[in-house]
Amino acid sequence: MTLLQLDGISKSFGALTVADDITFSVSEGEALGIIGPNGAGKSTLFNLITGTIGADKGSIRFLGEDVTRVSPMQRCLSGIGRTFQIPQPFEKLTVFENLLVAGAFGQQRGEREVASECAEILVETGLIAEANKPAGSLSLLQRKRLELARALATKPKLLLLDEIAGGLTEGECAVLVETIRAVHRRGVTVIWIEHVLHALNSVVDHLLVLHFGRVLGLGAPQDMMNSQEVREIYLGMEV
Amino acid sequence: MNIIDTLVQGILLGGLYALFAAGLSIVFGIMRLVNLAHGDLIIFAAFAILTITSMFGLNPFVSALIAAPLMFAAGWLLQYFLLNRTLGKDILPPLLVTFGLSIIIQNGLLEGFAADSRRVPLGSLEAATIPLGAVNIGVMPLLTFLSAIVVIVGLNTLIYRAPIGRAFRATSDDPVTAGLMGIRPQRIFATATGLAMVVVTVAALYLGTRANFDPSAGPSRLIYAFEAVIIGGLGSLWGTLAGGVVLGVAQTIGATINPEWQILAGHIAFLAVLAFKPRGFFPRAVD
């Protein structure tokens, strides 16, 4: 079943086109990777899907419903969660409070009902020892984990990951990938923007290549990586 | 013994200033909104309590209970439909809009109630005192101070322990991300201002029963509130109580030396704190 369907989505800021007639769909339970050079419009695409910026043209359907003009808050409630490339925790709240707020408001349930769920997520993401620290005091790896944990607390059906492995050491990255794989295995659909290709390719079923706001290709990771066009544009390789 | 009496009166007066300041502090703390109409809203609430009291012949405390939800609603609507539109990177629009609001409230009250000085009648409680050794403590000043403590404890519990308080802090931190977590920032802000208006109603109850007020009395209340917030340190509610007490004690000491010096002494104390401890006594660690 199709979970997310983008149809001819376009967006420009003045003369700069950041999304150009983007069409693709994601099935339930799928893991889709998005790659593309810096400035290709990858994060913008997430902003369009979560609704923090509105599309100029085209439509976005989630779970069969047209959400193109729906507020970010409503899209969160219907099951879209995201992490940010530059972690944006609520710095003055503790780690646990970050999850409580996301859990209670993101699922429209009482804090007591979501508290144990939030604690489990903290265990799963390796943050339980940090639970009562202010989020502003965390290291980069911990902030990235908190991004993931907080998105999970809203119980997303679709999880958007924005360069969550960037800036991490090899070992840190491996642990995070394991966590993401476990989340995906539970049935959460994942769209993952990433430059760390070996991490990405170990999880995703399909790869979408973006270039100057356009979809350059969509297919199996191996096919995409071997495509001459992709190698030239994205990897800058002469083939 | 006279000095003890002065100190006690000053400390209790500080409770009133802390009540003025607490509402201002919440609105600033959560929305970074400097509400220049805060003093006028206190006077507006005092007139509301006066009207309910005289219209239905109720006890002012009961009138305040009736006025509080009405003020909450007024604050909610004011924030949702007007002040939310002024929030953004630029700090000027909220200042201009609340300044305009201040003028509108003052003139509206002048139109409705004339320029006469009013007072909310309280009967025998007005002059009631509790003798405590050499000092006589007024019942109303004592109640004011205790109410300030209850308000501060209540607000702190709400902000740091309750779900809505976590939403206040999360939204204050980052409204866009809060939206992605299922929070409606506009409504959270509206609720915060509604809450501040409930505190304003409590402040108005004690202002209106212990002193005369008229439609133009708002701005000077705003200044006391500002001074208390800044002496105490931005962002700390207990700080506003400390700030109120410093202001109150300075004023009563000034008044004992020369009655004309009451207000001046308070402002001088404020200036001294600003000169030597510009971040106030209890600045919040982070920020």
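Residues numbered from 1 in each chain as written. Chains lettered and ligands numbered in written order. Predicted model: local features only at pLDDT ≥ 70, side-chain atom pairs only at ≥ 80, totals over all residues.

**Considering the overall build of chain B**
Secondary structure assignment for chain B yields 11 helices and 2 strands. The linear arrangement of helices and strands in chain B, starting from the amino end, is α-α-α-α-β-β-α-α-α-α-α-α-α. Taking 19 Å as the expected radius of gyration for a compact globule of 287 residues, we find that chain B reaches 19 Å, a close match to that expectation. For chain B, the spread of C-alpha atoms along the three principal axes comes to 60 × 50 × 35 Å. Burial analysis of chain B (287 residues in total) assigns 50% to the buried set. Across chain B, every contact between residues at least 6 apart in sequence was considered, and the portion connecting residues at least 24 apart equals 74%. (Helix = DSSP H or I, 4+ residues; strand = E, 2+ residues; numbered from the N terminus. Rg over C-alpha atoms; globule rule 2.2 N^0.38 Å. Buried ≥ 20, exposed ≤ 12 C-beta atoms within 10 Å, placed from the backbone. Contact = placed C-beta atoms within 7 Å.)

**Thoughts on the sheet that holds strand E5 (residues 65–66) of chain A**
All names here are of chain A. Across the sheet, 4 strands lie side by side as E2-E1-E4-E5; this open sheet has antiparallel pairing. Each edge of the open sheet carries a strand with a single partner, namely strand E2 (16–27) and E5. Sheet topology note: the strand E1 (residues 2–13)/E2 ladder contains 8 bridges and is antiparallel. The residue bridging Ser12 from the neighbouring strand is Thr17, located in E2. (Pairing = 2+ DSSP bridges.)

**Looking at the packing of helix H3 (residues 95–106) of chain A against helix H5 (residues 140–153) of chain A**
All names here are of chain A. Where H3 meets H5, the closest approach of the two axes is 7 Å, and the angle between their N-to-C directions is 30°. By the angle between their axes, H3 is roughly parallel relative to H5. Where H3 crosses over H5, the handedness of that crossing is right-handed. Where H3 abuts H5, its residues Val95, Asn98, Leu99, Ala102, Gly103 and Gly106 lie against Leu146, Ala149, Arg150 and Ala153. Of the residues belonging to the contact of H3 with H5, the class tally is 6 nonpolar, 3 polar and 1 charged. (Axes fitted to C-alpha atoms, helices over the stretch in contact; angles between N-to-C directions. Parallel < 35°, antiparallel > 145°, perpendicular 65-115°, else oblique. Left-handed = near helix turned anticlockwise from the far one by under 90°. Nonpolar A, V, L, I, M, F, W, Y, C, P; charged D, E, K, R; others polar.)

**A few points about the sheet that holds strand E7 (residues 158–162) of chain A**
Residue and element names in this part refer to chain A. Judged by pairing direction, the sheet is mixed, and its 6 strands sit side by side in the order E6-E7-E8-E3-E9-E10 without closing on themselves. Lying at the two open borders of the sheet, with one neighbouring strand each, are strand E6 (80–82) and strand E10 (214–219). Taken pair by pair, the neighbouring strands of this sheet meet at an average axis angle of 20°, ignoring direction. Where strand E3 (residues 31–35) meets strand E9 (residues 206–211), 4 bridges bridge the pair, whose relative direction is parallel. Looking at the pairing, Gly33 lines up with Leu207 of E9. Contacting E3, E6, E7, strand E8 (189–193) and E9, helix H1 (residues 42–50) crosses the sheet at an angle of about 150° to E7.

**Section: the interface of chain B and chain A**
On the chain A side, the residues contacting the 16 residues of chain B number 23 residues. Elements that contribute at least two residues to the side of chain B that touches chain A include exactly helix H6 (163–173) and helix H7 (175–180) of chain B. Among the elements that take part in the side of chain B that touches chain A, H6(B) stands out by supplying 6 residues, more than any other. Among the residues forming the side of chain B that touches chain A, the class breakdown is 8 nonpolar, 3 polar and 5 charged.

**As for the packing of helix H9 (residues 218–232) of chain B against helix H10 (residues 237–257) of chain B**
Residue and element names in this part refer to chain B. Contact geometry for H9 and H10: axes closest at 7 Å, N-to-C directions at 115°. Taken as a pair, H9 and H10 cross one another with a handedness that is right-handed. Where H9 approaches H10, its residues Tyr224, Glu227, Ala228, Val229, Ile230, Ile231 and Gly232 are matched on the opposing element by Gly239, Thr240, Ala242, Gly243, Gly244, Val246 and Leu247. Each residue belonging to the contact of H9 with H10 can be placed in one class, and the counts come to 8 nonpolar, 5 polar and 1 charged.

**Topic: the confidence of the model for chain B**
Atomic detail in the predicted coordinates should be set aside for any region of low pLDDT. All names here are of chain B. The share of residues in chain B with pLDDT of 70 or more is 99%, and the mean pLDDT across the chain is 94. Put simply, strand E1 (residues 129–132) is where chain B has its lowest mean pLDDT, 88, and helix H3 (residues 60–81) is where it has its highest, 98. Two summary scores accompany this predicted model of the complex, namely pTM at 0.89 and ipTM at 0.86. (pLDDT = per-residue confidence, 0-100.)

**Re the pairing of strand E4 (residues 57–62) of chain A**
All names here are of chain A. As judged from the 5 bridges shared by E1 and E4, these two strands associate in the antiparallel manner. Looking at E4, one finds that Leu6 is bridged to Ile60. Relative to E5, E4 runs antiparallel, the two being bridged by 2 bridges. Following the sheet pairing, Phe62 is matched in E5 by Glu65. Adjacent in sequence and paired antiparallel, E4 and E5 are bridged by 2 residues, among which Leu63 carries a positive phi angle near 55°.

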